[in-house]
Amino acid sequence: MSEYDFDLFVIGAGSGGVRTARMAAAKGVKVAITEDLYLGGTCVNVGCVPKKLFVYASHYRDDFQEAKGFGWNVTESSFDWPTLRDNKTKEIERLNGIYQNMLVNSGCTLLQGRGVMIDAHTVEVAGKQYTTERILVATGGWPFVPDIEGKEHVISSNEVFYLKEFPKRAVVVGGGYIAVEFAGIFAGLGAKTDLIYRGDLFLRGFDQEVREFVATEVAKKQVNLNFNCDIKSIVKQADGSLLVTTNGGKTIEADCVMYATGRMPKVAAIGLEQLGIKQAKNGAIIVDNNFQTSVPSVYALGDVIDRVQLTPVALAEGMALVNHLYNEGSAAVDYDLIATAVFCQPNIGTVGLSEEQARQQYTDIDVYVSDFRAMKHTLSGSDERTLMKMIVDKATDKVLGVHMVGPDSGEIIQGIAIALKAGATKAVFDSTIGIHPTAAEEFVTMRTATRQ
């Protein structure tokens, strides 16, 4: 009989924590998991899932306008924010229930409250202490908002899903996934929208050609782009509106200012310092290749270790950890060729190396680019364009990276990611017969390199 109350105690019931807890319990491991906020973590509650629902909603305005070219006479339409907000909340509550059932039915002991590590084998929740052979920290991340004058008037991605009223004028600050996506959401739902980013161009780290193309397309969607710009102060005016002043002296009046300036590991008040667990400068928990911290009985994974902040990565890390601890297998996770999407308008889908990365790593590459107006828009009247790009190592013919900007690009890139993972060459793409007429067939019909 174990000398501990549990074999594994998981702090945090987000994607990584839940997956690890369930898979370990399925192997007969005695597991406890605690959460002090909401089951499912950021992704389910204030991240990927509600964000994607809002993205769907924001497309309808364009759909109604474009329908005319296909013979549909759409009468005057209006958007009702409470309906979207509350229907989204009902769906999230449904998912919360599913997560609870999954955990309980798998045999986990589910506790409500903040888990605090007292020592290497003890966790306290709501005033009660539990002993455990191993501890897993999977507390995720939290929005970061810099200290500026008027910070108390801004919201983050945590609050945006529950706004009492939808703003007529919105300012989004940041240049990453969340900022670009929410600028499109606000604009698509009818708000006059400004995006403010302190750099030359948003989506740093993405392929440069993709970034430039997206900037052009996003601007077409009535998002006012303010690059090389930052906020100096925010003042609440007598009528309740917000007066935003930039570092260049420009002023913007808004009803809502949303900061999407990055996320930090959520590590406050969980006992890391007390145990002497090593952390990076941004607070991220430092782990080895087996997700083990500097305290051997404590492990960590997901956004809190700040490797790749994506839900599927946290899931993969959880599976790998269970395999290592209870199957005596490897905890290795292959972080190469992780496909990702940005649900801006139009969407971005990408996998593999950017052109800039490929030029640094390879001597000779071929770059294939196709920029076109999608078939749908020959009748819709929209001037939206689609970009497809493929980067190939000339010496081996291996495809190094594939990028797309256009409708459903995330859906298309997922399949292409499998091909790249399997080591597909350009010859394999060329020999694949396309599905006609689709945008996706362009990836198997690009025969001539745009540049070398």
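Above this note sits the structure.
As the structure is a computational prediction, the values presented were derived from the model and not from experiment.

## A closer look at empty space enclosed by the protein
Stage number 1. Counted according to the given criterion, the structure contains one cavity of 30 Å³ or more.
Stage number 2. Considered as a void within the structure, the largest cavity measures approximately 50 Å³ in volume.
Stage number 3. Every residue lining the largest cavity is listed: Phe54, Trp81, Val160, Leu163, Phe166, Phe182, Ile185, Phe186 and Leu189.
Stage number 4. No other element matches helix 5 (residues 177-188), which puts three residues into the lining of the largest cavity.
Stage number 5. Looking at the lining of the largest cavity, its residues break down into nine nonpolar, no polar and no charged.

## Let's talk about the packing of aromatic side chains
Centre-to-centre distance and the angle between the planes together describe a pair of aromatic rings.
Stage number 1. Summed over the entire model, instances satisfying the criterion amount to 13 aromatic pairs.
Stage number 2. Plain terms: the ring middles of phenylalanine 6 and phenylalanine 9 are 6.1 Å apart, the flat faces sit at 80 degrees to each other, and that makes the pair edge-to-face.
Stage number 3. Feature note: the residues Phe54, Phe79, Trp81, Phe161, Phe166, Phe182 and Phe186 constitute an aromatic cluster, connected by ring pairs.
Stage number 4. Taking the ring centre of tyrosine 162 as reference, the NZ or CZ of lysine 88 above it sits at 3.6 Å.
Stage number 5. Against the face of tyrosine 368 rests lysine 426, its NZ or CZ located 4.3 Å from the ring centre.

## Focus: the pattern of salt bridges
Stage number 1. All chains considered together, the criterion is met by 24 salt bridges.
Stage number 2. A salt bridge links lysine 51 to glutamate 181; the shortest N-O distance between them is 2.8 Å. In this pair, lysine 51 sits in helix 3 (residues 48-66) while glutamate 181 sits in helix 5, placing the two residues 130 residues apart along the sequence.
Stage number 3. With a closest N to O distance of 3.4 Å, glutamate 66 and lysine 376 form a salt bridge. Separated by 310 residues along the polypeptide, glutamate 66 in helix 3 and lysine 376 in the loop between strand 19 (365-372) and helix 10 (377-380) bring together distant segments of the chain.
Stage number 4. The exposure class assigned to lysine 376 is partly exposed, which follows from its relative accessible area of 42%.
Stage number 5. What you see here is one network of salt bridges that share partners, running through Asp207, Glu209, Glu355, Arg359, Lys389 and Arg451.

What counts and what doesn't
Residues numbered from 1 in each chain as written. Predicted model: local features only at pLDDT ≥ 70, side-chain atom pairs only at ≥ 80, totals over all residues. Heavy atoms only, no water. 1 Å grid on protein atoms, 1.4 Å probe; cavity = no way out; pocket = protein on both sides within 12 Å on 5 of 7 lines; lining within 4 Å. Points joined across faces, edges and corners; volume = space filled by probe spheres on them. Helix = DSSP H or I, 4+ residues; strand = E, 2+ residues; numbered from the N terminus. Nonpolar A, V, L, I, M, F, W, Y, C, P; charged D, E, K, R; others polar. Phe/Tyr/Trp six-rings, centres within 6.5 Å; stacked < 30°, edge-to-face > 60°. Lys NZ or Arg CZ within 6 Å of the ring centre and 35° of its normal. Salt bridge = Lys/Arg side-chain N within 4 Å of Asp/Glu carboxyl O. Buried < 20%, exposed > 50% of the residue type's maximum accessible area, 1.4 Å probe, protein only.

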